[in-house]
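# Fold and contact review
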Amino acid sequence: MRFRWSRAVPEGVKSYRITRDTAGRWHVAFAAVPDPIPAPGTGEVVGVDRGVAVAAALSTGEMVSASTLREPERVRLLRLLRMLVRAERGSNRRDKVKQAIARLKTREVDRRKDWVEKTSTDLARRFDVIAVEDLKIGNMTRSAKGTIEAPGKHVAAKAGLNRSILAAGWGQLVQRLVHKAPGQVVKVNPVYTSQRCSACGIVDAKSRESQADFRCRSCGYACNADVNAARNIRLAAVGHTVDARGGDRVAGPANREPQPVLLSA
Ligand SMILES: [Zn+2]
């Protein structure tokens, strides 16, 4: 059988697994645990928020999009799905349509995986502490983004389109971060992260002007809503150590103690 070495086999591999994906491609995967990525040692802390319009927003102001299906591919997928409904059961045509759908879907999965790997490596290299919201709590306290009382404009349409893709990508991203940067990922309680002003700390549901915009009615601070949330997530992680020194922040990380020495900046 012909095959392609997509990468070198690491030392010390003891087992491998052969799989066939839904697009009919065969893969050989060798089991090896890679070394964690060393932290940069700069004391930098980043907050990362999962977005709706973008895959992730960083407290640095960066917006990171996951590449998923492009518009023509999305159109083609919708057309194929309609064709599948009409195709007769057991027909050759139905098989062909199914295969074409599977190929498009694996393309999407591949791109998401690629994005997850690149983004997690980038974050692990650049920051000593990576703060994310604790999803278990987040699911209970937040709707798709925005708040239940004050949802942003077009939330349903946009969220419906992206939610499942981004939700899957987000879960994978956090999981890979924990693998690549063990001990550097801090999970914080996401309560009010989308309603709190990251400049003055006021919590106000009306500050969330729309899905994308945050404008504080107290201090006038305006910023992308996802970036504002990412800044609050960062502050919650930093505040945990302030709290340990007798500060007054209440929103601390839900699980792990970050190293105060790294957070002194
Ligand atoms: Zn403010």
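Located above this text is the structure these notes cover.
Residues numbered from 1 in each chain as written. Predicted model: local features only at pLDDT ≥ 70, side-chain atom pairs only at ≥ 80, totals over all residues. Heavy atoms only, no water.

### Let's talk about the overall build of the protein
To keep it simple, the criterion reads: Note on conventions: DSSP H or I runs of at least 4 residues are helices, E runs of at least 2 residues are strands, and numbering of each starts at the N terminus. Classification of residues uses two cut-offs on accessible area relative to the type maximum, computed with a 1.4 Å probe and protein chains only: under 20% is buried, over 50% is exposed, and between them is partly exposed. Should any heavy atoms of two residues lie within 4.5 Å, those residues are counted as being in contact. Method for areas: the Shrake-Rupley scheme with a 1.4 Å probe, in which residue coverage is limited to the protein chains shown.
Across its full length, the protein holds five helices and nine strands. Of the regular secondary structure in the protein, the N- to C-terminal order runs β-β-β-β-β-α-α-β-α-α-β-β-β-α. Counting across all 265 residues of the protein, residues that qualify as buried make up 41%. Nonlocal contacts in the protein, meaning residues at least 24 apart in sequence, comprise 64% of its contacts between residues at least 6 apart. For the protein, the accessible area works out to roughly 15,700 Å², and carbon and sulfur atoms hold 53% of it.

### A word on a nonpolar patch on the surface
The criterion, for reference: In this analysis, a patch consists of residues with relative accessible area above 30% that form no salt bridge, clustered at 9 Å for like charges and at 5 Å for the nonpolar side chains Val, Leu, Ile, Met, Phe, Trp and Tyr. A carboxyl oxygen of Asp or Glu within 4 Å of a side-chain nitrogen of Lys or Arg is what we treat as a salt bridge.
On the surface, a cluster of nonpolar side chains totalling about 940 Å² of accessible area is made up of Phe3, Trp5, Val9, Tyr16, Ile18, Trp26, Val28 and Phe30. Every element with two or more residues in the nonpolar patch is listed here: strand 1 (16-20) and strand 2 (26-30). Tracing the backbone shows tryptophan 5 in the segment before strand 1.

### Thoughts on the layout of surface pockets
Which entries qualify depends on this criterion: Points on a 1 Å grid over protein atoms alone make up a cavity when a 1.4 Å probe fits among them but cannot get out, and a pocket when they form an open set with protein on both sides within 12 Å along at least five of seven lines; lining residues each have an atom within 4 Å of a point. Grid points are joined across faces, edges and corners, and a volume is the space filled by probe spheres set on the points. In this classification, Asp, Glu, Lys and Arg are treated as charged, Ala, Val, Leu, Ile, Met, Phe, Trp, Tyr, Cys and Pro as nonpolar, and every other residue, Gly included, as polar.
The volume enclosed by the largest pocket comes to roughly 2,000 Å³. If you trace the largest pocket, you find 42 residues lining it, with Ser6, Arg7, Val28, Ala29 and Phe30 closest to the centre. For the lining of the largest pocket, the secondary structure elements donating two or more residues are strand 1, strand 2, helix 2 (92-126) and helix 4 (155-180). By residue number, the principal contributor to the lining of the largest pocket is helix 2, which donates seven residues. Residue composition of the lining of the largest pocket, grouped by class: 20 nonpolar, nine polar and 13 charged.

### Thoughts on the sheet that holds strand 5 (residues 63-64)
Rule in force here: One requirement defines pairing of two strands: DSSP has to find at least two bridges between them.
Sheet architecture is open: five strands sit in the order 5-4-3-6-7, paired in mixed fashion. The sheet is open, and its two borders are formed by strand 5 and strand 7 (185-188), each paired with just one other strand. With four bridges joining them, strand 3 (residues 45-50) and strand 6 (residues 129-133) adopt parallel strand pairing. Bridge pairing in strand 6 links valine 45 to valine 129.

### Focus: the pattern of salt bridges
Summed over all chains, the structure comprises 12 salt bridges. A salt bridge links arginine 25 to aspartate 110; its shortest N-O distance comes to 3.0 Å. With a gap of 85 residues between them, arginine 25 in the loop between strand 1 and strand 2 and aspartate 110 in helix 2 connect regions that are remote in the sequence. Its relative accessible area of 34% is what places arginine 25 among the partly exposed residues. Under the relative-accessibility criterion, aspartate 110 is labelled partly exposed at 31%.

### Here's the deal with the nonpolar core
Quick note on the threshold: In this text, buried Ala, Val, Leu, Ile, Met, Phe, Trp, Tyr and Cys residues form a nonpolar core when linked through side-chain atoms within 4.5 Å.
Of all hydrophobic cores here, the largest spans 20 residues; its most connected members are Val46, Val48, Leu123, Ile130, Val132 and Trp170. Those elements that provide at least two residues to this core are strand 3, strand 4 (56-58), helix 2, strand 6 and helix 4. Not counting residues up to four positions away in its chain, the partners in contact with valine 132 are Val48, Trp170, Val174, Val185, Val186, Lys187, Val188 and Ile233.

### Let's talk about the coordination of the zinc ion
Rule in force here: Distances decide who is a donor: an N, O or S atom must be within 2.8 Å of the metal, or within 3.2 Å for Na, K and Ca. Water is not included, so sites may look incomplete. Here a site with four donors is tetrahedral if all angles are between 85 and 135 degrees, and a site with four or six donors is square planar or octahedral if opposite donors are over 155 degrees apart and the other angles are between 65 and 115; anything else gets the irregular label.
Binding of the zinc ion to the protein goes through Cys197 (SG), Cys200 (SG), Cys216 (SG) and Cys219 (SG), at separations of 2.3 Å. In this structure, the zinc ion is coordinated by four donor atoms arranged in tetrahedral fashion, with angles at the metal of 108 to 115°. Sequence spacing of the donor residues for the zinc ion, all on one chain, is C-x2-C-x15-C-x2-C. Residue cysteine 197 is classed as buried on the basis of its relative accessible area of 1%. On the basis of relative accessible area, cysteine 200 is assigned to the partly exposed category, the value being 37%.

### Section: the pairing of strand 1
Counting buried residues in strand 1 gives zero out of five residues, a small share hidden from the surface. Between strand 1 and strand 2, which follow one another and run antiparallel, lie five residues, and glycine 24 among them has a positive phi close to 85°.

### Some details on helix 1 (residues 71-86)
Let me state the cut-off plainly: Between the first and last residue of a helix there are one fewer steps than residues, each counted as 1.5 Å, and that sum is the expected span.
Its 16 residues place the ends of helix 1 23 Å apart at the C-alpha level, agreeing with the 22 Å of an ideal helix rising 1.5 Å per residue. Within the span of helix 1, buried status applies to Glu73, Arg74, Leu77, Leu80, Met83 and Leu84.

### Some details on the pairing of strand 3
Buried residues dominate strand 3, accounting for five of its six residues. Relative to strand 4, strand 3 runs antiparallel, the two being bridged by three bridges. Note that in strand 4 the partner of valine 48 across the bridge is leucine 58.

### A closer look at the packing of aromatic side chains
Rules: Pairing of aromatic rings covers Phe, Tyr and the six-membered ring of Trp, with a centre-to-centre limit of 6.5 Å; geometry is then stacked below 30 degrees between planes, edge-to-face above 60, and tilted otherwise.
Counted according to the given criterion, the structure contains one aromatic pair. Each ring, one from tyrosine 16 and one from phenylalanine 30, has its centre 5.8 Å from the other, and the planes form 55°; the classification is tilted. You can see tyrosine 16 sitting in strand 1 and its partner phenylalanine 30 sitting in strand 2, a full 14 residues away along the chain. Under the relative-accessibility criterion, phenylalanine 30 is labelled partly exposed at 34%.

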